[in-house]
Amino acid sequence: MNVQLQPAQVNGAGHLTIGGVDTLKLAEQYGTPLMVYDVNQIVNQVENFKRVFEERGVDYVVSYASKAFAIKAIYQLLKPLGAHVHADVVSAGEMYTALSAGFPAERLTFHGNNKSYQELSMAVEHHLGTIVIDNFHEIELLDEVLNEQNATTDVMLRITPGIAAHTHQYTATGQVDSKFGFDLDSGQADKALQEVLTNPRMKMRGVHVHIGSQIFELNGFQLAARKLMGVIAHWANDYGYQAEIINVGGGFGIRYVSADHPLKPEEFVAAIIDTVKEEAQQLGLKLPAIWIEPGRSIVGPAGYTLYTVGSRKDIPNLRSYVSVDGGMGDNIRPALYQAEYETVLANDPQAPVAEHVRLAGKYCESGDILAQYAALPKTKPGDVLAMLDTGAYGYTMASNYNRNPRPAVVFVKDGQSQLVVKRETVEDLARLDQSYRLG
Ligand code: LLP
């Protein structure tokens, strides 16, 4: 079956366009492999999220989960979208990138299950908006940091809601057996709350869950929202503390291939808001602000990877391998999660499918297969292929395996393109190496 594209995505020459720019021109100008992002698509998705809250009259934050794609340009793109648009960071590297891009510190939330003393110091020094505390060790470390800097900070507590999301086991995080967050049933979350409430340097703002990623079922999110509201009610009754924020995390699944039929990302959020409202009413609680943390749904569908076709191997009566100039170094997801994508021929994206081939990368590893069964027209060396929906967790999980440089990244908008990350060079790869001198 042919890939469904918007009519506007094919120009007069019959080529695939992204943001009004011909993909063959992009490949020629910037080289391949190349990551291309349609800026309008990113902004539209954020606006769709904002609208769903505004229509329902709820206080909210849309906090972009940087781990999906963390470069300076994305923070610069998100910054003007308003005070309700925040970003999550999970390391000194993401924090540094966001801050050096000029993203306001008060709109950053710091996550992670093993934040270091140095990272927590950096967060406090720069007055990050919120630190989401994950475990007891972190309460101690943060207390030390705050004392050392004579500072205070807003915090939330991450809890593990005991919800098993239906997704790949590596991307499920809500089940009790998880490395993230305070366990509810054993009383860990209550104990953490008491520690934070009695710490004069920590201002407790709310409670956080994240049940997993690439989730299609609404049910898990609704359960999580109910669970959080239950926790808020319990804390209000037993500790006299009413949380102002419930943060329901991210994880809204997107369409990668024709077998995927997710709800629109904002439809997940609408259902979550409705659930929270219902629960607040039933439990007699003041409606808290609702925070969400989408990553994939904001940048995934907006991203494309352009590759150039190279060698081909036909194994009689078995299959054909078509190799491209990238692979597991720029997109580990097929190898790591058996993730699937659709791929089109850039110079004729609607050409009839002529064959199913194994689309291989150039890395020295049999597992370096980008698509097990790519439906393509007949291709020849030099053809440009566009892999769709690669915008999330591709570039951020890229590696230099085999000492291959990471691709360049280009943003496109209204017929114009701009290089936002340069292609790595072989010199970059050896930049940190030191000469061996011991003889
Ligand atoms: N909030 C928290 C606390 C998270 O841990 C994550 C993702 C998100 C939000 C955003 O989830 P999203 O909306 O992007 O699904 N590398 C994997 C995905 C790992 C997700 C980790 N946490 C992949 O390539 O599928």
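The structure displayed is predicted, hence computed values, not measured ones.

In the vicinity of the ligand, 18 residues are found, and the nearest of them are Ser213, Glu293, Arg333, Tyr337 and Tyr393. Between the ligand and glutamate 293, the relevant distance is 2.7 Å, taken from a nitrogen atom to a side-chain nitrogen or oxygen of the residue. Contacts to the ligand include tyrosine 337, whose side-chain N or O atom sits 2.7 Å from a nitrogen atom. Within the complex, the protein chains bury 91% of what would otherwise be the 590 Å² of accessible surface of the ligand. A per-class count over the shell around the ligand returns five nonpolar, eight polar and five charged.

Before going further, it helps to examine the UniProt feature "binding site: pyridoxal 5'-phosphate" (unreviewed entry) in the chain. Those places that UniProt annotates as "binding site: pyridoxal 5'-phosphate" (unreviewed entry) correspond, in this numbering, to Gly251, Glu293, Pro294, Gly295, Arg296 and Tyr393. Take glycine 295: it is sitting in the loop between strand 12 (289-292) and helix 10 (296-299). Of the residues examined, glycine 295 reaches a relative accessible area of 5% and is grouped as buried. In contact with glycine 295, other than residues within four places in its own chain, are Tyr64, Ala65 and Ala68. Examined against the element boundaries, tyrosine 393 turns out to sit in the loop between strand 18 (384-388) and strand 19 (408-413). Contact partners of tyrosine 393, with chain neighbours within four places excluded, come to Lys67, Ala68, Ser213, Arg296 and Arg333.

Right, let's talk about the packing of aromatic side chains for a bit. Applying the stated criterion across every chain yields a total of 14 aromatic pairs. A ring pair is formed by tyrosine 37 and phenylalanine 69, whose centres lie 4.1 Å apart and whose planes are at 15°; its orientation type is stacked. Of the two residues, tyrosine 37 is situated in strand 3 (residues 34-38) and phenylalanine 69 in the loop between strand 4 (60-65) and helix 3 (72-78); the sequence distance between them amounts to 32 residues. The residues tyrosine 37 and phenylalanine 69 share a single accessibility class, namely buried. Considering the side-chain rings of tyrosine 256 and tyrosine 341, the 5.2 Å spacing of their centres and the 80° angle between planes classify their relative orientation as edge-to-face. Placement of the pair is tyrosine 256 in the loop between strand 11 (245-247) and helix 9 (265-283) and tyrosine 341 in the loop between helix 11 (333-337) and strand 15 (343-345), with a sequence separation of 85 residues. In terms of burial, tyrosine 256 and tyrosine 341 fall into one category: buried. Within the aromatic cluster, the residues linked to one another by ring pairs are Tyr37, Phe69, Tyr395 and Phe411. Sitting over the face of the ring of phenylalanine 103, arginine 107 holds its NZ or CZ atom 4.9 Å from the ring centroid. The ring centre of phenylalanine 110 lies 5.7 Å from the NZ or CZ of lysine 115, which sits over that ring.

Criteria and cut-off values
Residues numbered from 1 in each chain as written. Predicted model: local features only at pLDDT ≥ 70, side-chain atom pairs only at ≥ 80, totals over all residues. Heavy atoms only, no water. Near = heavy atom within 4 Å. Polar contact = N/O pair within 3.5 Å; in protein donor to acceptor, adjacent residues only side chain to side chain. Areas by Shrake-Rupley, 256 points an atom, 1.4 Å probe, with all protein chains shown as cover. Nonpolar A, V, L, I, M, F, W, Y, C, P; charged D, E, K, R; others polar. UniProt positions renumbered as here; feature names shortened; annotations may be inferred. Helix = DSSP H or I, 4+ residues; strand = E, 2+ residues; numbered from the N terminus. Buried < 20%, exposed > 50% of the residue type's maximum accessible area, 1.4 Å probe, protein only. Contact = heavy atoms within 4.5 Å. Phe/Tyr/Trp six-rings, centres within 6.5 Å; stacked < 30°, edge-to-face > 60°. Lys NZ or Arg CZ within 6 Å of the ring centre and 35° of its normal.

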